[in-house]
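Chain by chain, the residues run as shown.
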Amino acid sequence: MRKISLLLVFLGFLGLQVVFAQTRTVTGTVSSSDDGTSIPGVSVVVKGSTLGTITDMDGKFNLKVPQNAKVLVISFVGMKTTEVALGGPSNYSIKLETEKTELQEVVVTSGYGIKRAPKGSTALSQVVNNDKLTAVRQTNVNNALAGKVSGIQFQGQSAAALGRTGNIRLRGDGGFSTGNGVLYVVDGTILPNSNDINMDDVEDVSVLSGPSASAILGAQGANGAIIITTKKGKAASGNNGKVNIELNSGLLASKVYIVPNYQNDYAGGNNSQLTRYTYKSTDPVEWKTLDGKYYPNYSDDSSWGPRMVGQEYIPWYSWYAGTKYTGTTAKLVPQPNNARDFFNTGSTYNNSVAFSKATDDFNIRISLGNIAVKGLLPTTSLNKTTFGLKTSYKIAKGLTLAANVNFFTTQTNGDFNDGYSNQSTGSFNQWFHRDLDMGIMRELQNLRTPDGIYASWNHNDPTSYDPKNTKPFYAGNYWYNFYTYQNLSKSPSNTDRLFGDVSFNYQIIDCLSAKITYRRQQNVGWSEQKFSTDLNDSGTQTTGNEPRNKGYYYSGETYSNRENLESLLSFSKTFGSFKVNANAGTDFFQSIYKGNSEQTVNGFNIKNLYSVFNSKDQPLITNTRQAEKYKAAFVRADAGYKDFLFLDVTLRNDWFSTLPPANNSIMSKSFGGSFVFSDLLKLPWLSFGKIRGAWGEVPTPIGVFTYPGFAYGVNAYQWNGSFLMTTPDQLVDPNIRGAVKTQKEIGAELRFFNNKVGLTATYWDGSEKDIPYSVSISNYSGFTSKYLNTGLINKNGVDLALNIKPITMKNFTWDFNATAAILLKNQVEKIADGINQFVVQTIWSRNSVPVMVHTVGKEWGQLFGGGIKKDSITGLPLLDSKGNYISKPDTYFGSVLPKLTGGVQNTFTVLKDFTVMVNIDYQFGGKFFSLSDMWGTYSGLTAKTSGLNDKGNPIRDAVVNGGGVHVSGLDATTKKPVDYYIEGATWAQNPYNLGYYDEFVHSLTYIKLRELSIGYKLPVAKMGWSNFVSGINVSIFAQNPWLIYAKDRDFDPSEISAASGEAGQFPGVRSVGANIKINF
Amino acid sequence: MKKTFHKIGVLALGIVLLASSCNKLKDFGTTNVDPSATNKPITSALLTNVLSAIGAFASSNTSSLYCQFYSETQYPDISCYAINTATPMANYSGLLYDLQNIIINNTDDATKATAALNGSNNNQIGIARILKAYIFWVQTDRWGDLPYTKALAGDPNVDFDTQETIYKGMIAELTDAVAKFDNGAAILGDIAYSGNIAQWKKLANSMRMLMALRLSKVYPTASDYAATQFKAALADGAGSIATNADNFTLVYPGGNFKNPYYNMYDGRKDYGESETMTTLLTSLGGDARQSVFGETAGGAASTKGVPYGRARTFIDPWCGANPDYCYVFAAAYRQTTSPLAIVRAASVLLARAEAADKGWTTESTLSLYTSGINASFEQWGLADPTPTYFANANVVLGAAGTNLKQIATQQYLAYYPDGIQGWSNWRRTGFPTLLPAPDGTNNPKVIPRRFMYGTTDYSLNATAVAAAVARISGGDKMDSRVWWDK
């Protein structure tokens, strides 16, 4: 209780301060046992109290203690905590040992909460602790893991898309879709994604890289798993039964960082000349002042307009009445930052408080958190409130009751559409006017004509003005004022997630315990979309690509619930030189999903009445019901001989409701061995040496309602009372089974020179066979796909981790950690008989634009489509008789998978209290297709559509005047070298018109400074605050501060929105923040 | 110790109980049954589904741009002949298989009794065969060789049949379908002819004539296959479509099923009636059908067509400066509930006129020509054209056997805006004379004469596509020709 009152005092509330009687003084010196140097700043506390001090610059302390004090606790970061019994003497010389066991103290957690010291692990075991994860406070576990674990590829997402957490690949990818994804498990509960993990609650993260480590999780863990263990109330030494309070408060400011490289020479429109405006009597009177002035083409949304040289012109907004700009001209000057300027500075407030307490019988930790984000896209926001409770209580001898409850509620506002023709980047990077002043755009977001039409930069040209019908002129042709659009379209949503468990653990005899757990993960969500009919009234062609602009209301609700009933027997006993740990258990699982949605079709009857019944056509209703179950039984065991030789084995059998009933049982298995040879060799320079090997095989099930398949639904609409039905397009093999994923690995873990250098190397080799996949088949069969067991993917690679402490001085330490994952092979070996290739992702479906395919004999995930046809001998491009490249529609551009991924983390500790972290991650290899680059080039936005040719003339000048783009190659017929100059716009539009896209396929290679932080641990004891607080940490930090290297910098290659590329990508975002953490 | 043994005993009992329920482990009851679907198809619902979507074939923008019914107003790529790879595959797994499924369910002894609840088995099969022939027809006229005889059988690696095989197959199917109709129970779900079998027979005979005539370049003479089939269809007792009342027409209910031309201007204005068409109509001394074929965005009469095949830099400002250009169709003909005529009396009558002119048949060219033109006008609710119209130099017929230009031009007009028929008829006859897009981006700059196979064809069916491509002289290009387009 006293801690709480101290907290209240600290927070400025009334409180009591208790004063103890002190009766004697102890003094002493604390020094290092390594080199004998004295250590300042060491905490000296009387055990069982809050009385304490810290050592001075000479390592000395002087402390008044109560007469009955028995033990002093001496602690310091990086040193072993030591207890000193208070006896006769009053002066103590205390030696602290360096914490050598630091690396071994981490514990690997696998399924069902089973923990194991990594010393005996047989597969690669990687654990990341809270301090490494949250050096820069992240709100998303994927971001926090990037680069810190070997074998991971993190595909991030722009921070402008609130709530998107990206995707993790472990050891390449598999399956016949766009990727498998990994499993997220929090305290034994499986989450459907990485959302809703409170990073402030995370104690550590264990990464299980594949079947050899994750077999106990069965099919669910087949692609590897991220196992998260949250903090629990811990009895700190000398602090039993005290309440610990941790306050954590941070602020983050985010700004747009990476945008494409635009041209800043030419204005918008399709006319390279300005047009003279002549006032007519039927024109609005306020246009009179514009008579004789010049205007650019507004209606076309490309930038093939006039050169911007500061000439006088009529900007788009001058034609609208009622502003200070009405009827005025401006200077036509470049606006190089207009796309960037559209976005707000985003902000994130991240606050949490946790209370914990532990005694021998009882522990509890309660946390409350809130994350409030104002998005970079105007009007967008996210607010997440979290509650966590973790407790266990020994209710009787041997019987422990424990509960875990996590509740998350998230409200999001915003559509976050980064697809083609979205009303932000979909314009800026693909269809836009480079001369637009975004400040004026923002200023005029509420500007309307007397008829109620919202002003648009993309209105029509004044020749189309009709006083009887002003809409064709004033309304946006394809686009709205970007701010207006955000104001008129709203997409609020809410997700409530409840998860956790209740368990009984009974210690039957010393070596045997039984545990029963009930577990639940429940989501309730709703989302709405409201599009104003003002959008319909303010646009002429804007409803074509986005029918919601007619006026739209959508309301959807989902409910999902996953429940597990688990039993676990745990056995642990030492037999002579053997130590055996074994578990047996069952896991019965059921899930249900219910989803309903209602949406208006084809606009509203009554303007801006957001009701489903206000739908112009019959509203569309969807109704989804799904249920799934499995039952599993498993055993696992590991045995160690004299703590240097280890073996382990796991067997798990699952019965799945989704598999054919006659054949619904599948078995997962793994085994491995390891040998810690350093214990036998006893070499002075070798602190630790181990070799290990493991093998695992995990079959997987198939999706709900897939078997037996071929079920006919009833169409949503009727034709004058006749109902409609469509024949299913997928054939299902009656003997359908799950895929079998196998992985084997061998590895070595070595640490040298008193653990100053550590190296972990793993070679792994995996296969995925009999993949049940809905293989696209030629529709000539009458069907689009056949769901069958087929397919083989083989992959192998090397995971490396290096840890070095290059400098460990008294006042300066440098900890260097590097990871690298080399994907040697990730090849599709077989798809199905007679099927060599199929398409899995399409970004644009016409004109041979590259798609993502899987192809036999090639790396997983090829980009395939139209490329420039090359001469087979010289490799030079072939040109037709007009100098155009020729399309080769079956060009392979390479795999979407990077070949090398990893990161480097540097931790510098200066003067013991300052910590600087520099976290870099990188990726080499892999391709993506950029639709933005293609359309941006087509419409004259990208930098390459401006500039000079090799004659020194602008490429946009006519070829007859020495302009144009120089193209050379071989004539397709004669195979003789030829040279041409092509008109700039033709050159930019030829790729789409003629079908070659080589220049729009980009590399995923990058090196990026992802996290940078400077932390300072306030010397609270020295400041005399130790009665109030036990620690204060302040930090300033940056996320994504620097994209160090990328082959081209139009997009951040670490954040490509789709597996095969992007269609309207949001910009890269850079953030800086500050954080304070106070422990009471 | 005793207590410990007791505990272990309880535990062992638990495990035994669990193990004995192993059979129950396998059993999940109906967990995996989708509550919102059935595994028994309703054939009438499949038929309605096909008919509800079949209008898409008669309103194909790409073909209408190739034959210059329309022009593109803002993003000219198809009308400037940008490379156009596409695949007909979706129609196989979609509508064609729905039809095949109707045939299977009405044939298979296990299902035919259930299927007969929706009408006579034979008649359901007959209708499905006719609709299949229609879809295959409009597909092969675009691509040429396609999977036909072995398609829709579940085998993904289907060889492509030659267009000759496809045409002869379709004509045989139609012939047999007509012969096998019976007087059984009325068909349900027939939203085109409301189960009127006599009209389905007329449709089949009409399609057979139109298909036969399309082969006039490969089988020109009166004794060849084409003329023989034409005459046989004409002679069939069930007759052919001779009045608009028998047209194969869909009357859209609106709402969630709208006339496809309504969608053309629903939020976009990518197309206009082409200047080619307005010029042609003017050259006939004026043609009242212009009041149907196009009017301005504001609904005013206009004869200003949109220049065809011009680059964006020209056409976009042109459209801005000429707000009185014609949209495709007068607004009254592209309402959500407007009817869409797919096979029309005018086309059939004009086909018979051409066959007569060719000497394939002994019917009266002039009389069929006149009634064909009248039928076209009537179809749009217009009065029959005046004698002045028929006397125009570009309309009036000459000596027998010399009238292809006039008849083909009227066929072209009668097909408007059904581009696939207009384009095919132009490819077959060369009339009206069409000039390639001035700003065409292809090389050589010629009007495309077929669709190229799609990326998915190359991807999923590589061997079969390669064999088909090897048969095309000129390769898989837009300016290569299909078999009947010699």
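Residues numbered from 1 in each chain as written. Chains lettered and ligands numbered in written order. Predicted model: local features only at pLDDT ≥ 70, side-chain atom pairs only at ≥ 80, totals over all residues. Heavy atoms only, no water.

A. A look at the overall build of chain A. For chain A, the helix and strand inventory stands at 15 helices and 56 strands. The C-alpha radius of gyration of chain A comes to 33 Å, within 12% of the 31 Å expected for a compact globule of 1080 residues. Projected onto its principal axes, the C-alpha coordinates of chain A cover approximately 110 × 70 × 65 Å. Across the 1080 residues that make up chain A, the buried fraction comes to 57%. Accessible surface computed for chain A: about 41500 Å², of which carbon and sulfur atoms make up 57%. (Helix = DSSP H or I, 4+ residues; strand = E, 2+ residues; numbered from the N terminus. Rg over C-alpha atoms; globule rule 2.2 N^0.38 Å. Buried < 20%, exposed > 50% of the residue type's maximum accessible area, 1.4 Å probe, protein only. Areas by Shrake-Rupley, 256 points an atom, 1.4 Å probe, with all protein chains shown as cover.)

B. Focus on the overall build of chain B. Broken down by element type, chain B carries 21 helices and six strands. Referenced to the eigenvectors of the C-alpha coordinate spread, the extents of chain B come out at roughly 115 × 55 × 45 Å. Put simply, chain B has 486 residues, and 60% of those count as buried. Restricting the contact set of chain B to residue pairs at least 6 apart, pairs at least 24 apart contribute 76%. In the form shown here, chain B has an accessible surface area of approximately 17200 Å², with 58% of it arising from carbon and sulfur atoms. (Contact = heavy atoms within 4.5 Å.)

C. Just the packing of helix 7 (residues 121-143) of chain B against helix 19 (residues 419-429) of chain B, in detail. Residue and element names in this part refer to chain B. The interhelical angle for the contact between helix 7 and helix 19, taken along N-to-C directions, is 50°, at an axis separation of 10 Å. The angle between helix 7 and helix 19 falls in the class oblique. Crossing hand, helix 7 versus helix 19: left-handed. Contact residues: W137, V138, D141 and R142 in helix 7; I420, Q421, W423, S424 and R427 in helix 19. (Axes fitted to C-alpha atoms, helices over the stretch in contact; angles between N-to-C directions. Parallel < 35°, antiparallel > 145°, perpendicular 65-115°, else oblique. Left-handed = near helix turned anticlockwise from the far one by under 90°.)

D. The arrangement of the interface of chain B and chain A in detail. The partner chain A presents 89 residues to the 87 residues of chain B that form the contact. Buried surface at the junction of chain B and chain A, summed over both partners, amounts to about 7300 Å²; 57% is from carbon and sulfur atoms. At the surface where chain B touches chain A, the tally comes to five salt bridges. Across the pair B:K258 and A:D617 runs a salt bridge whose closest N-O atoms are separated by 2.5 Å. The leading source of residues in the side of chain B that touches chain A is helix 5 (residues 89-107) of chain B, at seven residues. A per-class count over the side of chain B that touches chain A returns 40 nonpolar, 30 polar and 17 charged. (Buried area = accessible area lost by both parts, 1.4 Å probe. Salt bridge = Lys/Arg side-chain N within 4 Å of Asp/Glu carboxyl O. Nonpolar A, V, L, I, M, F, W, Y, C, P; charged D, E, K, R; others polar.)

E. Structural detail: the pairing of strand 31 (residues 615-641) of chain A. Residues and elements named next belong to chain A. Pairing between strand 30 (residues 578-604) and strand 31: 24 bridges, direction antiparallel. Paired with F588 across the two strands is K631, which belongs to strand 31. Hairpin connection of strand 31 to strand 32 (residues 645-656): three residues between the antiparallel strands, including K642 at a positive phi of 50°. (Pairing = 2+ DSSP bridges.)

F. Structural context of the sheet that holds strand 50 (residues 965-971) of chain A. Residues and elements named next belong to chain A. Taken in spatial order, the three strands line up as 45-50-51 in an open sheet, and their pairing is mixed. In this open sheet, the two edge strands, each paired with only one partner strand, are strand 45 (878-879) and strand 51 (977-982). The pairing of strand 45 with strand 50 spans two bridges and is parallel. In the sheet register, L879 faces strand 50, and the bridge partner there is D971.

G. Structural context of the pairing of strand 40 (residues 785-808) of chain A. Residues and elements named next belong to chain A. Relative to strand 40, strand 37 (residues 730-732) runs parallel, the two being bridged by three bridges. By the bridge assignment for strand 40, L731 is matched with K786. Bridge count for strand 39 (residues 757-776) against strand 40 is 19 bridges, and the pairing is antiparallel. By the bridge assignment for strand 40, W764 is matched with G797.

H. Inspection of the pattern of salt bridges at higher detail. All names here are of chain A. For the structure shown, the criterion picks out 64 salt bridges over all chains. A salt bridge links K47 to E83; the nearest nitrogen and oxygen atoms lie 3.3 Å apart. Of this pair, K47 sits in the loop between strand 2 (43-46) and strand 3 (52-54) while E83 sits in strand 6 (residues 82-85), and the two are 36 residues apart along the sequence. Of the charged contacts, one joins K825 and E829 as a salt bridge, the two residues approaching to 3.5 Å between their closest N and O atoms.

I. Just helix 5 of chain B, in detail. Residue and element names in this part refer to chain B. Between the first and last C-alpha of helix 5 there are 25 Å, a value that for 19 residues agrees with the 27 Å anticipated at 1.5 Å per step. A maximum bend of about 45° is found in helix 5 at Y97. Among the 19 residues that make up helix 5, 14 are buried, leaving the element largely enclosed by the rest of the structure. (Expected span 1.5 Å × (residues − 1). Bend = angle between axes of the 7 residues up to and from the residue.)

J. Structural context of a nonpolar patch on the surface. All names here are of chain A. A cluster of nonpolar side chains, contributed by Y393, I395, F504, I516, Y518 and L565, occupies part of the molecular surface with about 560 Å² of accessible area. At the level of elements, strand 24 (381-396) and strand 28 (512-531) are the ones that each hand at least two residues to the nonpolar patch. Note on placement: L565 falls in strand 29 (residues 552-575). On the basis of relative accessible area, L565 is assigned to the partly exposed category, the value being 47%. (Patch = residues over 30% accessible without salt bridge, like charges linked within 9 Å, V, L, I, M, F, W, Y side chains within 5 Å.)

K. Structural context of the nonpolar core. Counting residues in hydrophobic clusters, the biggest one holds 239 residues, and the most contacted among them are B:W200 and B:F248. Ranked by residues supplied to this core, first place goes to helix 7 of chain B with 12 residues. When sequence neighbours within four positions are dropped, the list of residues in contact with B:W200 reads B:L51, B:I127, B:I130, B:L131, B:F181, B:D190, B:A192, B:Y193 and B:F248. A:L208, A:L659, A:I666 and A:V732 belong to the second-largest nonpolar core, a separate cluster that totals 26 residues. (Core = buried A, V, L, I, M, F, W, Y, C linked by side-chain atoms within 4.5 Å.)

L. The arrangement of the sheet that holds strand 16 (residues 225-230) of chain A in detail. Residues and elements named next belong to chain A. If you trace the five strands from one edge of the open sheet to the other, you get 10-15-16-13-14, paired in mixed fashion. In the strand order of this sheet, the two ends are held by strand 10 (125-129) and strand 14 (189-191), each with one partner. Each strand axis lies, on average, 25° off the axis of its neighbour in the sheet, ignoring direction. Bridge count between strand 10 and strand 15 (residues 202-208): five bridges; the pairing is antiparallel. The residue bridging S125 from the neighbouring strand is L208, located in strand 15.

M. Up close: the packing of aromatic side chains. The full count for this structure, using the stated rule, is 104 aromatic pairs over all chains. Considering the side-chain rings of A:W431 and A:Y938, the 6.0 Å spacing of their centres and the 70° angle between planes classify their relative orientation as edge-to-face. You can see A:W431 sitting in the loop between helix 7 (425-428) and helix 8 (438-443) and its partner A:Y938 sitting in helix 14 (residues 931-938), a full 507 residues away along the chain. For A:W431, a relative accessible area of 4% translates into the label buried. Exposure remark for A:Y938: the relative accessible area of 10% places this residue in the buried category. Taken together, the ring pairs in this structure connect A:Y277, A:W287, A:Y295, A:Y298, A:W316, A:Y317, A:W319, A:Y320, A:Y325, A:Y465, A:F473 and A:Y474 into an aromatic cluster. A cation over a ring is seen here: B:K168 above B:Y225, with NZ or CZ 4.9 Å from the ring centre. (Phe/Tyr/Trp six-rings, centres within 6.5 Å; stacked < 30°, edge-to-face > 60°. Lys NZ or Arg CZ within 6 Å of the ring centre and 35° of its normal.)

N. Structural context of the packing of helix 7 of chain B against helix 8 (residues 163-180) of chain B. Residues and elements named next belong to chain B. At a minimum axis separation of 9 Å, helix 7 and helix 8 run at an interaxial angle of 155°. By the angle between their directions, the pair helix 7 and helix 8 is classed as roughly antiparallel. Two packed elements cross with a definite hand, and for helix 7 against helix 8 that hand is left-handed. Each of N122, G126, R129, I130, A133, F136, W137, T140 and D141 in helix 7 lies in contact with helix 8, whose residues at this interface are Q163, I166, Y167, M170, E173, L174, D176, A177 and K180. Class assignment for the residues of the contact of helix 7 with helix 8 results in nine nonpolar, four polar and five charged.

O. Main features of unusual backbone geometry. In this model, B:F431 is joined to B:P432 through a cis peptide bond whose omega is -10°. Residues B:N443 and B:P444 are joined by a peptide bond in cis, for which omega reads 0°. With respect to the helices and strands, B:P444 occurs in the loop between helix 19 and helix 20 (455-460). Positive phi, normally seen in glycine, also occurs at A:Y112, with a value near 60°. One can find A:Y112 in the loop between strand 8 (108-109) and strand 9 (115-116). Owing to a relative accessible area of 12%, A:Y112 belongs among the buried residues under this scheme.

P. How the structure looks around the confidence of the model for chain A. Residue and element names in this part refer to chain A. Per-residue pLDDT for chain A has a mean of 91; in total, 96% of the residues score no lower than 70. Counted against residues more than four places away or in other chains, residues 1-21, with its pLDDT under 50, gives 25 contacts. Of the regions scoring below 50 in pLDDT, residues 100-104 engages in seven contacts with residues more than four places distant in sequence or in other chains. (pLDDT = per-residue confidence, 0-100.)

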